[in-house]
Amino acid sequence: MSARSIDPVSLGIMWDRLVSICDEGAATLIRTSFSTLVREGYDLSVMLFDAEGRMIAQSTKCIPVFIGTAPVTISHMLKRFPPDKLSPGDVVISNDPVIGTGHMYDIAVMRPVYDDATCIVGYTMSITHLPDIGGMGFSAAATELYHEGLRLPICKLVKAGVMEEMILDLIRLNVRVPEQVVGDIMAGVSCTEVVGRQLRDFMREYQLSSIGELSTLIRGQTERAVRTSLAAIPDAVYESAFDVEALGDPVRLACRIEKQGEEMRISFEGTGPCVRSGINVPICYSRSMALYSIKCLTTPNVPNNDGATAPITVSAPAGCILNAIAPAPSAGRHIIGHFVMPLIFAALAKAMPDRITADSGLINILTFQGRLRNGTPFAATYFAAGGFGALDGLDGHPTTPGSSNMACTPTEVFEDLTGMTILRKAIRPDSGGVGTYRGGPGQEIVMRNDTGYPIAVFSMANRTAFAARGADGGGPGALREHSIDGTPISPTGRHDLPAGGILTILEAGGGGFGAPAKRPRAAVLADVERGFLTPAGAKAGYGIDIATEAAQTGPHEIAS
């Protein structure tokens with residue numbers, strides 16, 4: 001079959017098939033992984049590229065921001081190992097943050113796909129967040145990149161089907177949980193084998209000698225959809241700026257968007273400098289967050305591929321906190337990087353008021369290092385979500401991550417993995433911003449160290465000084481707070497949780513949308529009934545006295 005003869009219906013079917021191949025790879029990755037980060041948190045992505053290294057499909061279960069980093073990663077891999085330096089059975093890996101996802105905890109595993117012993121028809125790649133990579137541990141405490149762990153250059157983990165055991169030995173000697181780390185890397189190797197095999201089956205079924213023309217059709221359709229949506233945005237220059245916490249004095253984030261015709265140029269000129277802690281953001285991640293933001297605003301329902309990024313360029317001054325240059329540390333680059341989406345939404349709020357959301361409470365990441373009751377060492381990462389920002393016509397969802405989409409580890413799994421006990425996990429009332437549409441509430445999480453040993457807690461939180469802002473007159477969400485045994489602790493850095501000690505996390509709420517006075521009374525009363533608001537919160541935020549309402553209508557009518 002010639003790709004040029006493919007009708008639109010067949011193109012849609014074949015496109016879906018390629019996505020499903022990536023989904024099968026993601027299922028393999030999840031089933032064979034050793035860590036909860038992949039198995040429970042879904043901090044992963046699986047992608048398929050054509051023979052020119054252009055991304056044509058991404059797994060449905062994925063970290064969407066990798067749409068921008070993966071093409072950069074594979075381009076560097078193919079410079080290091082061009083096709084004539086690759087062989088069937090080769091597997092190439094790297095966790096270099098500069099050409100990867102911005103920090104060393106994400107490892108890219110790439111495999112060339114051959115239709116025979118000589119011809120490469122495509123490439124497949126998995127990206128997963130490793131449970132450990134040595135160094136100080138997954139934290140923002142480093143002052144140089146070298147403190148953050150083992151940085152692997154682009155190298156062949158497997159050569160012509162033969163494992164390079166020296167590389168695995170090097171990794172095992174430098175990480176705290178070698179079984180989990182090597183197990184997750186090997187899950188990536190298995191995943192890419194599955195995707196490659198299924199791509200060959202797909203090509204045989206459709207009698208394709210190449211997927212190049214099919215790739216051109218798929219990426220072309222996506223690019224046209226994005227350009228059509230961009231053309232509907234009025235031509236203008238859009239700007240925004242705000243301060244965020246940066247482990248000391250606040251740092252300024254600034255954005256300038258030049259929209260002209262079907263193209264958009266995004267610049268972070270005016271953004272403040274890097275800092276001496278691991279919250280700096282390499283440009284690969286800043287660019288990806290920007291591309292992801294525009295994708296959400298323009299074509300959220302079109303599957304991800306390189307066509308979505310073609311009309312958009314992104315730049316930032318070298319050395320600013322959104323374009324970190326080595327050796328600036330960046331393990332916690334999400335702490336600042338997740339603000340790129342609200343920064344872009346704020347710039348485009350007047351042009352696309354029906355598309356943007358109020359600010360979200362964002363995600364919170366904590367790393368725990370210690371020993372289990374039997375003395376076995378462990379390292380575990382815990383995700384916890386703040387509330388999602390409201391938008392025109394829709395309340396913000398409670399405890400839903402914004403700017404990313406990692407899942408939270410189930411309580412039973414986390415307790416078994418760490419020896420800790422989660423005493424309480426509940427909606428945090430009055431944390432969502434007030435508005436015609438209220439912001440999503442955060443949550444309260446209380447956990448106790450029952451290991452019998454002290455545990456090191458590495459905190460990487462934002463929204464502790466600057467709340468999620470409301471939009472169009474909506475109110476801000478509540479700030480994020482951490483404490484140990486009732487004493488507030490810094491939201492970043494290393495802390496000791498003693499045996500029997502209790503860690504309390506109060507997650508940030510999302511911002512509200514629209515004037516609070518326009519929120520229907522029934523909606524406010526329903527929020528009280530669901531535990532999203534307290535009676536005091538309803539009085540302070542909306543001027544509604546719950547006791548008076550109950551006296552006039554009765555509790556049954558209020559609940560209904």
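Residues numbered from 1 in each chain as written. Predicted model: local features only at pLDDT ≥ 70, side-chain atom pairs only at ≥ 80, totals over all residues. Heavy atoms only, no water.

Assigned secondary structure in the protein chain consists of 14 helices and 20 strands. Relative to the compact-globule value of 24 Å for 560 residues, the protein chain shows a C-alpha radius of gyration of 24 Å, a close match. Dimensions along the principal axes, computed over C-alpha positions, put the protein chain at roughly 80 × 60 × 45 Å. When burial is assessed residue by residue, the protein chain has 58% of its 560 residues classed as buried. For the protein chain, restricting intrachain contacts to residue pairs at least 6 apart in sequence, the fraction spanning at least 24 positions comes to 72%. The centroid of the 47 positive side-chain charges in the protein chain is displaced by 2 Å from the centroid of its 57 negative side-chain charges. (Helix = DSSP H or I, 4+ residues; strand = E, 2+ residues; numbered from the N terminus. Rg over C-alpha atoms; globule rule 2.2 N^0.38 Å. Buried < 20%, exposed > 50% of the residue type's maximum accessible area, 1.4 Å probe, protein only. Contact = heavy atoms within 4.5 Å. Lys, Arg positive; Asp, Glu negative; His and termini not counted. Charge placed at Lys NZ, Arg CZ, Asp CG, Glu CD.)

The next subject is the sheet that holds strand β14 (residues 420-427). Whenever strands of a sheet pair, they do so through backbone hydrogen bonds, lying parallel or antiparallel. A sheet is described by the order of its strands in space; here five strands give the open sequence β14-β15-β20-β17-β18, paired in antiparallel fashion. Every other strand in the sheet has two partners, leaving β14 and β18 (487-488) as the edge strands with one partner each. Here strand β17 (residues 481-484) pairs with β18 via two bridges, running antiparallel. Its bridge partner being in β18, S483 is matched across the sheet by P488. Against the sheet, helix α10 (residues 411-418) engages β14 and β15 (443-449), with an angle of about 155 degrees to β14. (Pairing = 2+ DSSP bridges. Axes fitted to C-alpha atoms, helices over the stretch in contact; angles between N-to-C directions.)

So, about the confidence of the model for the protein chain. Scored by pLDDT, the protein chain comes out at a mean of 94, with 97% of its residues at no less than 70. Segment residues 555-560 is flagged for pLDDT under 50; beyond a separation of four residues in sequence, or across chains, it makes seven contacts in the model. (pLDDT = per-residue confidence, 0-100.)

Our focus in this paragraph is unusual backbone geometry. Most of the time, phi is negative for any residue but glycine, and the peptide bond is trans. Each neighbour pair has its own omega, and for A326 with P327 the value is 15 degrees, a cis peptide bond. Of note, P327 is situated in the loop between β11 (312-315) and α8 (334-337). Here S403, not a glycine, exhibits a phi torsion of approximately 70 degrees, which is positive. The topology assignment puts S403 in the loop between β13 (377-385) and α10. For R463, which is not glycine, the phi dihedral falls at a positive 55 degrees. Tracing the backbone through its elements, the reader meets R463 in the loop between β16 (455-460) and β17.

This paragraph deals with helix α3 (residues 66-80). With 15 residues, α3 should cover 21 Å at 1.5 Å per step; its first-to-last C-alpha distance of 21 Å lies within 8% of that length. The set of residues buried in α3 consists of F66, I67, G68, T69, A70, P71, T73, I74, M77 and L78. (Expected span 1.5 Å × (residues − 1).)

What follows concerns the side chain of R333. Structurally, the position occupied by R333 is in the loop between β11 and α8. In this structure R333 comes out as buried when scored by relative accessible area, which is 6%. Among the polar contacts listed, one links the side chain of R333 to the side chain of D106, at a separation of 3.1 Å. Excluding its chain neighbours within four sequence positions, the residues that come into contact with R333 are T101, G102, H103, D106, G278, I279, N280, V281, P282 and Y285. (Polar contact = N/O pair within 3.5 Å; in protein donor to acceptor, adjacent residues only side chain to side chain.)

Time to look at helix α12 (residues 535-542). Those residues of α12 not exposed but buried are G537, A538 and Y542. Here the buried residues of α12 occupy an arc of 100 degrees about the axis, which is enough to place them on one side. Projecting away from the buried face of α12 at angles above 90 degrees are the exposed residues A536 and A540. Just beyond α12, the residue with positive phi is G543, at close to 70 degrees. (Arc of directions from axis to C-beta.)

Another point: the side chain of T271. Tracing the backbone through its elements, the reader meets T271 in the loop between β10 (263-267) and α7 (283-298). With relative accessibility at 10%, the residue T271 sits in the buried group. A polar atom in the side chain of T271 sits 3.1 Å from the backbone nitrogen of A254. A distance of 2.9 Å separates the side chain of T271 from the backbone oxygen of F268, its partner in a polar contact. For T271, the contacting residues outside a window of four places in its chain are R252, L253, A254, C320, I321 and L322.

Here we have seven strands laid out as an open sheet, ordered β2-β1-β5-β4-β3-β6-β7, and antiparallel in their pairing. If you trace the sheet from one side to the other, it starts and ends with β2 (55-58) and β7 (162-163), each paired once. As paired strands, strand β4 (residues 106-114) and strand β5 (residues 120-129) are joined by nine bridges and run antiparallel to one another. Each bridged residue has a counterpart across the sheet, and for V109 the counterpart in β5 is S126. Contacts from helix α1 (residues 8-32) reach β1 (44-50), β2 and β5, with the element oriented near 140 degrees to β1. The strands that helix α4 (residues 165-174) touches are β3 (91-94), β6 (155-159) and β7; relative to β6, the one it contacts most, it runs at about 125 degrees.

The next subject is the state of the cysteines. For the structure on display, the rule yields zero disulfides. Unpaired in terms of disulfides, C155 finds its nearest cysteine sulfur in C284, a separation of 18 Å. The thiol of C255 is unpaired, and the distance to the nearest cysteine sulfur, on C320, comes to 12 Å. (Disulfide = S-S within 2.5 Å.)

Next up on the list: the environment of R111. Its location among the elements puts R111 in strand β4. Judged by its relative accessible area of 10%, R111 is buried. Along the sequence, R111 and D90 sit 21 residues apart, while their C-alpha atoms lie 6.2 Å from each other. Leave out the neighbours within four places in its chain, and R111 touches G89, D90, V91, G122, Y123, T124, V189, T192 and E193. Here V189 takes part through its backbone oxygen, which lies 3.0 Å from a polar atom of the side chain of R111. Of the polar contacts made by the side chain of R111, one reaches the side chain of T192; its length is 3.1 Å.

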